[in-house]
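Chain residues, written in single-letter form:
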Amino acid sequence: MTEIQTTTSKERRTASRLADKFQPVEMPSLEYTDAVARETEPLYQKVKDVIPAIEWPVMAPYIKAINDLKKQRNAVILAHNYQTPEIFHCVADIVGDSLQLAQEAAKADADIIVQCGVHFMAETSKLLNPDKLVLIPDMQAGCSLAASITGADVRLLRERYPGVPVVTYVNTSAEVKAESDICCTSSNAVQVVESFGKDTVLCIPDEYLAKYVATKTDVKILAWKGHCEVHERFTADELLAYKEANPGLEIIAHPECPPEVIRVADFTGSTSGMIGYVREHKPAKALLVTECSMASNIAADTPGVEFIRPCNLCPHMKRITLPKILDSLVELKDEVTVDPLVADRARLAVERMVNLKS
Ligand code: SF4
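What counts and what doesn't
- Residues numbered from 1 in each chain as written.
- Predicted model: local features only at pLDDT ≥ 70, side-chain atom pairs only at ≥ 80, totals over all residues.
- Heavy atoms only, no water.
- 1 Å grid on protein atoms, 1.4 Å probe; cavity = no way out; pocket = protein on both sides within 12 Å on 5 of 7 lines; lining within 4 Å.
- Points joined across faces, edges and corners; volume = space filled by probe spheres on them.
- Helix = DSSP H or I, 4+ residues; strand = E, 2+ residues; numbered from the N terminus.
- Nonpolar A, V, L, I, M, F, W, Y, C, P; charged D, E, K, R; others polar.
- Phe/Tyr/Trp six-rings, centres within 6.5 Å; stacked < 30°, edge-to-face > 60°.
- Buried < 20%, exposed > 50% of the residue type's maximum accessible area, 1.4 Å probe, protein only.
- Arc of directions from axis to C-beta.
- Salt bridge = Lys/Arg side-chain N within 4 Å of Asp/Glu carboxyl O.
- Core = buried A, V, L, I, M, F, W, Y, C linked by side-chain atoms within 4.5 Å.
- Polar contact = N/O pair within 3.5 Å; in protein donor to acceptor, adjacent residues only side chain to side chain.
- Contact = heavy atoms within 4.5 Å.

Section: the layout of surface pockets
Logical step 1: Roughly 200 Å³ of volume is contained in the second largest pocket.
Logical step 2: Only helix H6 (119-128) and helix H8 (174-178) provide two or more residues apiece to the lining of the second largest pocket.
Logical step 3: Among the elements that make up the lining of the second largest pocket, the one with the highest residue count is H6 (3 residues).
Logical step 4: Across the lining of the second largest pocket, the residue classes break down as 7 nonpolar, 5 polar and 3 charged.

Overview of the packing of aromatic side chains
Logical step 1: Taken as a whole, this structure holds 2 aromatic pairs when the rule is applied.
Logical step 2: Between the aromatic rings of Tyr-44 and Trp-56, the centroid separation amounts to 4.8 Å while the plane-to-plane angle is 45°, which identifies the pairing as tilted. With Tyr-44 in helix H2 (residues 34-47) and Trp-56 in helix H3 (residues 56-73), this residue pair connects regions lying 12 residues apart in the sequence. For the pair Tyr-44 and Trp-56, a shared accessibility class is recorded, and that class is buried.
Logical step 3: Judged by centre distance (4.5 Å) and plane angle (15°), the rings of Phe-267 and Tyr-277 are stacked. Of this pair, Phe-267 sits in strand S10 (residues 267-268) while Tyr-277 sits in helix H13 (residues 271-281); the two residues are 10 residues apart in sequence, bridging distant segments of the chain.
Logical step 4: Tyr-277 sits in the buried class, given a relative accessible area of 12%.

Notes on H13
Logical step 1: Of the residues making up H13, those classed as buried are Thr-271, Met-274, Ile-275, Tyr-277 and Val-278. Taken end-on, H13 shows its buried residues confined to a sector of 160°, consistent with a single buried face.
Logical step 2: Positive phi appears at Lys-282, one or two residues downstream of H13, with a value of about 40°.

Remarks on the pattern of salt bridges
Logical step 1: Under the defined criterion, the tally for this structure stands at 16 salt bridges.
Logical step 2: A salt bridge links Lys-324 to Asp-138; the nearest nitrogen and oxygen atoms lie 2.6 Å apart. Residue Lys-324 is located in helix H15 (residues 322-331), and its partner Asp-138 is located in the loop between strand S4 (133-135) and helix H7 (151-160); the two are separated by 186 residues in the primary sequence.
Logical step 3: Since its relative accessible area comes to 10%, Asp-138 is described here as buried.
Logical step 4: The salt bridge involving Asp-301 is made with Arg-279; its shortest N-O contact spans 2.7 Å.

Here's the deal with the nonpolar core
Logical step 1: Among the nonpolar cores identified, the biggest contains 98 residues, and Trp-56, Leu-288 and Ile-325 are the most heavily contacted of them.
Logical step 2: Judged by nonpolar contacts, the second largest core, of 13 residues, contains Tyr-212, Cys-257, Ile-262 and Leu-287.

Digging into the side chain of Thr-302
Logical step 1: Here Thr-302 is to be found in the loop between helix H14 (293-299) and strand S12 (306-307).
Logical step 2: There is a polar contact of 2.6 Å between the side chain of Thr-302 and the backbone oxygen of Ile-298.
Logical step 3: Apart from residues lying up to four places away in sequence, Thr-302 is in contact with Val-278, Arg-279 and Phe-307.

Below you can see the structure in the form of structure tokens.
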């Protein structure tokens, strides 16, 4: 039987629009030459404690090719704190948590934004800078929180709780953001909830973030049952056992963790808050209760801090790899678009958050 491959008319229109605007480029050489070794040596020095020397000859040609193509294409790479060290330290132009990446996406003046993160982050970049070509190296990079709720769910919540403001975590689809009053991230959720001056607020979809916010404010918080599949796996017993085995260990947690985990933590904050805490306090031993690439990424510039690493990987973040980033820049794929009718309303919710004064 012959397999017939079809191309939709939408795909054909997109390809022809991109071909009009951007010149085709050849796939660069991926040979590990002396010149590539020399040029990438300063980058290897940044990651040598977390990337074995034997792996560098495979990574270095991709890193050089990506950095060259970024200039050629006038592209910028935004990478989340959970990306692997070779992406975070060697090809990213901007790194940060969801809020920092959203703020940087809004300001980006490159022609192309390559989002090294998950799909909702790329959608947020497109919402805030709609004239740019926004690419994600793997369209399947999703998020269990974003998948936990739909726009129809939010409409039902509004019917059930009329007049109650809806604060939506950025880890949601544009469709869900469009049904919301404002977005929040884990670094500004309390401020956003209190910005309404109301006694009750819906804080969706992360149940644990909502419970954490409720401990920090007098506003009554109504939650949804969404969870991050990475943070919900940590337990208080596991962390207490690490503490007992490592005297002086400081436990630094993300607010997407279950409440019993947050109760045993020495500090709780967004990924940028966690990084700031380690840089400022320089604990002798630290355990970051979050996706495990983050410890590798900050180990490079916090010598003297020993990281104890229970490893919970985000399978969605880990879909982004150097070969896929290179493909993305060569072939200009996969483009992230948002229906204009949804985008206008979703953008309002994100912009209200970004413009909120601290
Ligand atoms: S770590 Fe959790 S919240 Fe972040 S992208 Fe992965 S599943 Fe989503």
